Amino acid sequence: MINDSNNNIKLGSLFITFSALSFSIMEIAVKISGANIPVIEQVFARNFVTLFISAFVMFRDKEKLFPNKGNIVSIVCRSVSGYLGIIAYFYATNNMVLADASVLQKTSPFWSSLFAFILIKEKIIKVQWLGMIIAAIGSIFIIKPSMNSNIFPSLVALSAAMFAGISYAIIGSLKGKESNALIIFYFSLFSCLFSLFFIKSFVIPNIFEVIMLLIIGIFAGFGQFFLTVAYKKAPVSAVSIYNYTGVIFSYLFSIFLFNEKVDIYSIIGMVIIIFAALLVYFYKNKITAKNI
């Protein structure tokens, strides 16, 4: 049994790493296509593919099409916050150093803990409060507040993490009430409809840009798939830390693909945020081990 558990954790860790790589490849396509394609179109492409994947899963598993009446408000709020989070994240990816945008977005677990505390009264242990404070300090190193217009994309990237945190907190409140496929389906459906409604000027993509938009959608789907499989294989607390390999991928892509310079303050900020994640991760694992 112990060997099976260890093997599952190893597989889960591998799938989480694949998920992080998939999302990093999505980021590359976002940044490349963002030279000409508006953010709203990119967001539409990202969710259009996911819409069909979630619809297929619901059809395959013969799930219900509509949520329970009591969960409609939560699903709408999750869809709106998730949509705003993706728009903010794509905007930041297009307008700042890829590695910086990635690591700021990776503060979402801390925000999800905070919003779970505010929205659904989920308990936060002391080390989580400490982790949030440390992560906030790390964010300051990356943002480098200087009271000029260059700070705006960094603040947008941080808001993307906040919106993601709200989404995850709401998803937590829906656990056991609605299926993952249904939640993703309505999020993707609303995102596509919102994008069509808010788009001001549609840019007809060339062949290369069409490929980039497809890569955005496909690798977002891969990222979500690998994440789901990982969390089914192993406990979230045991493998979630490997999500931070995405920061490493984004850092390498920033340097080698986009020739972007990551300054010493950003590197310090990355180290601080990853340290905060490790602190919370190992402490929670220690507590879990004691309770077994």
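Please refer to the structure placed before this passage.
The present account deals with the structure reproduced in this document. These figures come from a predicted structure and were not determined experimentally.

Here's the deal with the packing of helix 2 (residues 39–60) against helix 8 (residues 180–198)
Packed helices, taken two at a time, are described by the angle between their axes plus the distance between the axes. Contact geometry for helix 2 and helix 8: axes closest at 8 Å, N-to-C directions at 150 degrees. The chirality of how helix 2 crosses helix 8 is left-handed. Where helix 2 approaches helix 8, its residues Ile40, Val43, Phe44, Asn47, Phe48, Thr50, Leu51, Ser54, Ala55, Val57 and Met58 are matched on the opposing element by Ala181, Leu182, Ile184, Phe185, Phe187, Ser188, Leu189, Ser191, Cys192, Ser195 and Leu196. Split by residue class, the contact of helix 2 with helix 8 holds 16 nonpolar, six polar and no charged.

Here we look at the pattern of salt bridges
For the structure on display, the rule yields three salt bridges. Lysine 31 serves as the salt-bridge partner of glutamate 260, at 3.1 Å between the closest nitrogen and oxygen. Of the two residues, glutamate 260 sits in the loop between helix 11 (245–256) and helix 12 (264–291) while lysine 31 sits in helix 1 (residues 2–33), which places them 229 residues apart along the sequence. By the burial criterion, glutamate 260 is buried, and lysine 31 matches it.

Describing the side chain of serine 19
Position of serine 19 relative to the elements: it lies in helix 1. Judged by relative accessible area, serine 19 falls into the buried class, the value being 0%.

Calculation criteria
- Residues numbered from 1 in each chain as written.
- Predicted model: local features only at pLDDT ≥ 70, side-chain atom pairs only at ≥ 80, totals over all residues.
- Heavy atoms only, no water.
- Axes fitted to C-alpha atoms, helices over the stretch in contact; angles between N-to-C directions.
- Helix = DSSP H or I, 4+ residues; strand = E, 2+ residues; numbered from the N terminus.
- Left-handed = near helix turned anticlockwise from the far one by under 90°.
- Contact = heavy atoms within 4.5 Å.
- Nonpolar A, V, L, I, M, F, W, Y, C, P; charged D, E, K, R; others polar.
- Salt bridge = Lys/Arg side-chain N within 4 Å of Asp/Glu carboxyl O.
- Buried < 20%, exposed > 50% of the residue type's maximum accessible area, 1.4 Å probe, protein only.

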